[in-house]
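Letter by letter, the chains look like this.
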Amino acid sequence: MKSGRANSVLLFVLSVLLFAFCQPGIVFASGLPFLAWIAYIPFFLLIDYLSIRTSFLWGALYGFCAYAALCWWLFSYGTIALAFVCFLFACYFSFVFFLLCSLRFLLPCFFKKSEWIFRALVFLSFEYARTHGIFAFSYGIVGYTQWNNSAFLYFSRFFGVWGITLIILLANALFAKIIFERNLKQNLRPLSFLCSLLIAVHVLPLIASRSPVRGTIHVALIQDASSADSSTLSDFVQDAELLISLTDSALRTHPETDLVVWPETAIVPDILTHFYQSHDRVRHALSRRVFDFVRSSSASFLIGTTHMNSNGDHNCALFFPHKDDENATLRLYSKLHLVPFTEFWPDFLRGSFFDRIKHNLNCDDFVPGDELVLFNTKSFQFGVPICFEDSFSPLIRNMKKKGADFFVNISDDAWAHCVQAQLIHLSMSAFRSAEYATPTIRSTINGKTCVIDTYGRVVSSLESDSDGFLCSELLIPADTQTLYFFAGDVLVNAIIAFLLLLILSGGFVKVIRYGRRKTEKKSNGIWSGNRI
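Residues numbered from 1 in each chain as written. Predicted model: local features only at pLDDT ≥ 70, side-chain atom pairs only at ≥ 80, totals over all residues. Heavy atoms only, no water.

Caption draft 1: Representation of helix α13 (residues 419-436) in the model. Here α13 contains 18 residues, and its C-alpha end-to-end distance of 26 Å stays within 8% of the 26 Å for a straight helix at 1.5 Å per residue. For α13, the buried fraction is high: 17 of the 18 residues fall into the buried class. Looking one or two places after α13, you find A437, whose phi comes out positive at around 50°. (Helix = DSSP H or I, 4+ residues; strand = E, 2+ residues; numbered from the N terminus. Expected span 1.5 Å × (residues − 1). Buried < 20%, exposed > 50% of the residue type's maximum accessible area, 1.4 Å probe, protein only.)

Here it is, written out as structure tokens:
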């Protein structure tokens with residue numbers, strides 16, 4: 001008993017540490033991606049030592065500790081934010097552990113030898129599910145750790161980041177099975193299959209044909225790290241002057257620039273409204289300064305700002321078309337997926353207690369937009385995922401379906417005050433480009449301002465914590481339709497449907513058998529009594 005408990009504790013500690021080390025974190029700033037291939041071995045081994053009754057507690061402990069180790073940088077935003085994420089994943093993993101432990105009872109007998117596969121499939125299903133809903137959170141998905149591997153990036157064109165995640169989970173589950181059974185020989189066949197699959201994944205990009213280039217566009221990406229802590233109106237005015245100065249330098253050195261991009265909320269005041277309203281002199285002057293500078297330039301501009309309409313305040317991107325385009329007008333895209341507890345407060349958390357928490361977190365009261373908008377420049381269309389919207393692959397797919405030739409991500413990653421959070425966010429952008437074979441440019445206040453090509457590779461970037469600009473020629477491919485673009489998450493949804501059917505039917509059969517045994521015992525008892 002003591003030995004089993006000691007093994008459980010050891011496996012638990014290893015699970016948390018390996019999970020944290022394979023991701024960008026405190027110890028390894030860029031993470032150790034190769035550890036992803038063994039990070040879940042102790043996790044799956046731990047399941048074998050647990051009973052269903054204790055699985056909830058161990059799952060809650062794992063979720064709390066693992067995400068405290070991963071998201072420690074949330075502490076700089078607010079202790080409550082970190083505590084909430086840890087609590088959320090404690091609840092999440094308590095159910096994951098319970099279901100994984102229940103598999104040994106729910107699976108039909110002819111599936112028992114393949115339990116390791118079902119463990120990986122169940123875990124994948126929950127990882128997918130947690131990226132949806134009001135509290136959707138994509139940080140910690142193990143597939144994203146491979147964002148620097150060009151072969152895995154290319155493979156995401158077929159099944160998205162979930163294809164990579166599934167391969168990693170299957171490998172970990174199989175390794176755990178081999179260790180638990182201490183029998184390599186009986187597992188050579190699935191091991192050979194996994195090795196062959198990995199070889200195929202790495203060979204595939206070598207034999208794939210290159211897409212022809214449809215055209216090019218010259219971009220200037222502005223990064224104003226100095227504005228990270230701006231909070232007053234005078235700060236916002238200084239931020240605008242810094243952005244104008246950086247842009248002016250970029251345009252003087254690269255006059256061929258077609259599109260200039262300023263980061264998310266680069267100009268915090270609603271410049272579109274205050275440009276036409278002069279009752280607030282400072283904001284009106286700020287708006288006129290920005291408008292006059294943009295109109296005097298020869299490029300199109302995309303500016304992160306805020307805007308209020310009849311629905312409320314919006315976090316949005318304001319697009320200024322090229323001044324020679326007489327038919328073009330100013331256009332807005334309002335962010336569709338807002339960050340809970342940062343940009344909006346859930347309606348069901350009301351009352352004096354929650355109001356105090358909201359005040360302490362300095363939560364905004366933005367409302368989501370109601371339309372997906374694309375912008376046009378130099379005969380190309382582009383979509384603008386704002387901040388963490390690029391972590392939602394379905395949203396990016398919709399942009400692609402509407403005709404986006406490239407993506408422009410504007411972000412403010414300064415709030416985290418650490419490079420690790422910036423790298424995790426960048427990994428998601430890289431996978432979105434790879435999944436849809438569509439380039440992405442990123443402009444951040446303090447994050448990873450860079451250019452990502454159609455293969456998900458970062459081809460040029462700026463250093464964090466610095467003011468500057470990045471000018472680049474963006475290649476727009478002619479044919480950018482991938483299997484993942486057409487099929488989306490059909491594979492994962494099919495897996496979820498299959499598992500639900502299997503688990504529900506397995507549970508139903510167990511209940512029926514239990515009822516029969518109980519009836520038989522009762523009948524035997526009555527018969528025995530009559531004998532006496």
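Caption draft 2: Fine view of the pattern of salt bridges. As enumerated under the stated definition, the model contains 14 salt bridges in all. A salt bridge links D258 to K378, with the shortest nitrogen-to-oxygen separation between them at 3.6 Å. Pair noted here: D258 is in the loop between α8 (233-253) and β2 (259-261) and K378 is in the loop between β6 (374-377) and β7 (380-383), with a separation of 120 residues, a long-range link. What makes K378 partly exposed here is its relative accessible area of 42%. Between D365 and K358 there is a salt bridge whose closest N-O contact spans 2.7 Å. (Salt bridge = Lys/Arg side-chain N within 4 Å of Asp/Glu carboxyl O.)

Caption draft 3: Main features of the side chain of S138. By the element assignment, S138 lies in the loop between α5 (115-129) and α6 (150-181). For S138, a relative accessible area of 6% corresponds to the buried category. With sequence-adjacent residues up to four places away left out, S138 is seen in contact with R130, T131, Y144, S391 and M428. (Contact = heavy atoms within 4.5 Å.)

Caption draft 4: Seen up close, the packing of aromatic side chains. What the rule picks out here adds up to 52 aromatic pairs. Residues F319 and F375 carry aromatic rings whose centres are separated by 5.1 Å and whose planes lie at 20° to one another, so their mutual orientation is stacked. With F319 in strand β4 (residues 312-320) and F375 in strand β6, this residue pair connects regions lying 56 residues apart in the sequence. Seen in terms of ring centroids, F382 and F406 are 5.0 Å apart; in terms of plane orientation they differ by 20°. Their pairing is stacked. (Phe/Tyr/Trp six-rings, centres within 6.5 Å; stacked < 30°, edge-to-face > 60°.)

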